[in-house]
Amino acid sequence: MLAMARSCAMIGLDGALIEVEVDIANGLTAFVIVGLPDAAVNEAKERVKAAIKNSGCLFPFKHITINLAPADIRKEGPAYDLPIAAGILSASGQINPSEELQNALFLGELSLDGTVRHTNGILPMVALAREKQVKAVFVPAVDAVEATLIEGVTVYPVGTLGQLIAHLNEVKRIEPYMRDPHLLDNAKEAVYLQDMSSVRGQEHVKRALEVAASGGHNILMSGPPGSGKTLLARTMPSILPRMLIQEALDVTKIYSVSGMLPVDVPLILQRPFRAPHHTTSHAGLVGGGRIPRPGEISLAHRGVLFLDELPEFGQNVLEVLRQPLEDKLVTISRAQGTITYPANFMLVASMNPCPCGYYGDPVRECSCSAMAIARYQKRISGPLLDRIDIHVEVPRVDYEKLADKRKVEDSATVRRRVQDARERQLQRFTGTKLTCNAEMGPAEVRDFCQVDPSAEKLLKAAMQQLHLSARAFHRVLKLARSIADLAESDTIAANHVAEAIQYRPRMGA
Ligand SMILES: Nc1ncnc2c1ncn2[C@@H]1O[C@H](COP(=O)(O)OP(=O)(O)OP(=O)(O)O)[C@@H](O)[C@H]1O
Ligand SMILES: [Mg+2]
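Below is a short write-up of the structure. Throughout, a residue's number is its position along its own chain's written sequence, starting from 1. Working convention: letters from A go to chains and numbers from 1 go to ligands, in the order in which they are written. Given that this is a predicted model, residues contribute local features only at a pLDDT of at least 70 and side-chain atom pairs are listed and counted only at 80 or more, while totals for whole chains, interfaces and linings are drawn from all residues. Excluded from the side-chain calculation are hydrogens and water; included are all heavy atoms of the structure.

**Considerations on the overall build of the chain**
The numbering of helices and of strands both runs from the N terminus, where a helix is a DSSP run of H or I of at least 4 residues and a strand a run of E of at least 2. The number of helices and strands found in the chain is 22 helices and 18 strands. For the chain, the spread of C-alpha atoms along the three principal axes comes to 85 × 45 × 45 Å. Think of it in three bands: with a 1.4 Å probe and only protein chains considered, a residue is buried below 20% of the maximum accessible area for its type, exposed above 50%, and partly exposed in between. When each of the 509 residues of the chain is scored for burial, the buried share is 52%. It only takes one pair of heavy atoms within 4.5 Å for two residues to be counted as in contact. Excluding contacts between residues fewer than 6 apart, the proportion of contacts in the chain whose partners are at least 24 apart in sequence is 72%. Note that accessible areas follow from Shrake-Rupley with a 1.4 Å probe, and for residues the cover is restricted to the protein chains shown. Total accessible area on the chain is roughly 23,100 Å²; 52% of this is exposed by carbon and sulfur atoms.

What follows is the structure, encoded as structure tokens:
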């Protein structure tokens, strides 16, 4: 007997429909899976066998062949357990043939007792179902909320294999999981670990962070030890603008395939903040590995990638950041072909100005040789520095500032300004794919960055006296656009340009 059930394979964040064909023939007892299965798919045999028996059905001791088609896509992970089990039960006549079995998508890992377990990547797989006009999906009951993030597909939450059998045999139907109408509400106030009001002084750094958050600009903070760079970077999540629903869905997909979606958080509504240590491996940072997973730069998609102590990251690690910083995605080559993950993050980095940390400090003397300083700063290449729009120095804070008891502006106030500025940008970019100023290319800079005559004069003078490159010129304009947005101004004025110019890099490029 022959039976077929459908499932889904993930290639990066994109899914592909997979047909699970099951053939049961008389002859020597055997159980083979063909069609490029990996180890986890091959182990499905043992799980499926036990789950079928423990669900009160018979496992046919015949020659069973499972074909996962198309055969040229590598099948990874345990999500095929459920369609394989359904296929075997159908081919052995224990599940009545039905249109539902043929047309729906089955996703889920089985445990030996027949329970359907949490499975990674449910959200992007259900998204594929909708794209391919599949009407219904059977998913692990624990992942049902995640599945309902996609509208227009009927979601059946499956607790056990037994429930699925009863459903398909029309003994006891599973109730479709109803979508919570408030699922996509993102108005809830989030809790943040670090508030800006806990940082004393450093007003100009806070301002630079505000500009960075408004326009999505990369920022590098440089200063002596203990001046508050790490602390300041950690306040960043508390001032970021809200995510759009589409952004939230994209981020959630990445966490879903990484298996990092918390059980009680079906949709990630807060922009991610990732702070990988400098000992993180290459694959850990950019993604890849034997079972491919998104790296830190993709986990930071639509949020912040914080690289503390930037020069400590290996030079080759920093160089691979150049492509994602430019293209907003990362391509990973593997023996089975390439996969692409989105990586549209905002880079926040910190560093000391020299190995001892006190170069340029007015109080403590720097003990490094000129050579050592040059070598240290060279660890970060010019092209990388050139992709960082805002460079800001974080000097030591003096006692008066630290001991000052006056109230400091809190993150909620800053966040409101950032949100307003971001909304002006979204309005301006209606009809384009852009979401913030930092994403503008040269053509868009020409279209969207009108400067008034006094600003034009200043720009011209700056170009000549500071020998700004063409890229630096565009960077100044994009930054000035964000500063003008914060000031609720439609045109860019001279003071906006002046502020943008002072954020230009001091070293390297
Ligand atoms: N401006 C500030 N206001 C309040 N506390 C501060 C400030 N700057 C530093 N601190 C205190 O000093 C501690 C050390 O700061 P932080 O770790 O951010 O310094 P850093 O610049 O990252 O130093 P390093 O270069 O050694 O990493 C903070 O945890 C905080 O308690
Ligand atoms: Mg630090």
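**As for the side chain of Gln419**
Here Gln419 is to be found in helix 18 (residues 411–428). Aside from chain neighbours lying at most four places away, what touches Gln419 is Pro241 and Arg242.

**Focus: the packing of helix 2 (residues 44–53) against helix 3 (residues 81–91)**
For any two helices packed against each other, one specifies the inter-axial angle together with the distance between the axes. It is at 10 Å that the axes of helix 2 and helix 3 come closest, and there the two elements cross at 55°. For the element pair helix 2 / helix 3, the angle class is oblique. At the point where helix 2 passes helix 3, the crossing takes the right-handed sense. Along the contact surface, helix 2 presents Ala44, Arg47, Val48 and Ile52, while helix 3 presents Asp81, Ile84, Ala85, Ile88 and Leu89. Charged residues are taken to be Asp, Glu, Lys and Arg, nonpolar residues to be Ala, Val, Leu, Ile, Met, Phe, Trp, Tyr, Cys and Pro, and polar residues to be all remaining types, Gly included. Classifying every residue of the contact of helix 2 with helix 3 by side-chain character gives 7 nonpolar, no polar and 2 charged. Lines fitted to the C-alpha atoms define the axes, with helices restricted to the stretch that makes contact. Angles between their N-to-C directions range from 0 to 180 degrees. Angles below 35 degrees are treated as roughly parallel, those above 145 as roughly antiparallel, those between 65 and 115 as roughly perpendicular, and all remaining angles as oblique. Helix crossings fall into two classes, left-handed where the near helix is turned counterclockwise from the far one by less than a right angle and right-handed where it is turned clockwise.

**A closer look at helix 3**
With 11 of 11 residues buried, helix 3 lies mostly within the body of the structure. Of all the residues in helix 3, the buried ones are Asp81, Leu82, Pro83, Ile84, Ala85, Ala86, Gly87, Ile88, Leu89, Ser90 and Ala91. At the exit of helix 3 stands Gly93, carrying a positive phi of roughly 80°.

**Some thoughts on the sheet that holds strand 17 (residues 346–351)**
The parallel open sheet is built from 5 strands, whose spatial order is 11-14-17-10-18. Looking along the sheet, the strands with just one partner apiece sit at the ends: strand 11 (273–274) and strand 18 (390–393). Where strand 10 (residues 219–222) meets strand 18, 4 bridges bridge the pair, whose relative direction is parallel. Bridged to Met221 within strand 18 is Val392. Across the face of the sheet, helix 8 (residues 203–215) comes into contact with strand 10, strand 17 and strand 18 while running at roughly 165° to strand 18. Each pair of strands is called paired provided DSSP finds at least two bridges between the two strands.

**Considerations on the nonpolar core**
Here, nonpolar core means buried Ala, Val, Leu, Ile, Met, Phe, Trp, Tyr and Cys residues that are tied together by side-chain atoms lying within 4.5 Å of each other. Membership of the largest hydrophobic core comes to 61 residues, with the highest contact counts inside it found for Val139, Ile297, Leu321 and Phe345. Considering every element that reaches this core, the biggest residue donor is helix 5 (residues 122–131), with 7 residues. Ignoring any residue separated from it by four or fewer positions in sequence, one finds Leu321 in contact with Leu285, Ile297, Leu305, Leu307, Phe345 and Leu384. If you look at the next biggest cluster of nonpolar residues, it comprises 48 residues, including Met196, Met236, Leu468 and Leu477.

**A look at the layout of surface pockets**
What the second largest pocket holds in volume is close to 880 Å³. Lining residues are defined by having an atom within 4 Å of a point belonging to a cavity or pocket. Those points lie on a 1 Å grid over the protein atoms alone, cavities being sets where a 1.4 Å probe fits but cannot get out and pockets being open sets with protein on both sides within 12 Å along at least five of seven lines. Along the walls of the second largest pocket sit 35 residues, with Leu325, Lys328, Ala438, Glu439 and Lys478 positioned nearest its centre. When residues in the lining of the second largest pocket are grouped by element, the largest group, 4 residues, is from helix 21 (residues 470–486). Grid points are joined across faces, edges and corners, and a volume is the space filled by probe spheres set on the points.

**What to know about the site of ligand 1**
Neighbouring residues are identified by heavy atoms, a residue being near a molecule or strand if any of them is within 4 Å of it. In the vicinity of ligand 1, 16 residues are found, and the nearest of them are Arg200, Gly226, Lys229, Thr230 and Leu231. Contact between ligand 1 and Ser227: an oxygen atom at 3.3 Å from a main-chain N or O atom of the residue. Within 3.5 Å is the distance limit for a polar contact, defined as a pair of N or O atoms, with the added protein rule that one can donate a hydrogen and the other accept it, and that residues adjacent in sequence qualify only through two side-chain atoms. One nitrogen or oxygen atom from the side chain of Thr230 is found 2.6 Å from an oxygen atom belonging to ligand 1. Across the complex, the protein chains shield 67% of the 630 Å² of accessible surface that ligand 1 would expose by itself. With 3 residues, the single largest contributor to the shell around ligand 1 is helix 9 (residues 229–234). When grouped by side-chain class, the residues that make up the shell around ligand 1 number 6 nonpolar, 7 polar and 3 charged.

**Side note on the pattern of salt bridges**
Side-chain pairs of opposite charge can arise where the charged atoms are in close proximity. Just to be clear on terms, a salt bridge is a Lys or Arg side-chain nitrogen sitting within 4 Å of an Asp or Glu carboxyl oxygen. Taken as a whole and assessed by the stated rule, the structure comprises 21 salt bridges. In this structure, Glu499 engages Arg207 in a salt bridge whose closest nitrogen and oxygen atoms are separated by 2.9 Å. One end of the pair, Glu499, is in helix 22 (residues 494–501); the other, Arg207, is in helix 8, and 292 residues separate them in sequence. When the shortest N-O distance is used, the salt bridge between Glu423 and Arg242 registers 3.9 Å. Of the two residues, Glu423 is situated in helix 18 and Arg242 in the loop between helix 9 and helix 10 (245–257); the sequence distance between them amounts to 181 residues. Taking relative accessible area as the criterion, Glu423 reaches 37% and is therefore assigned partly exposed.

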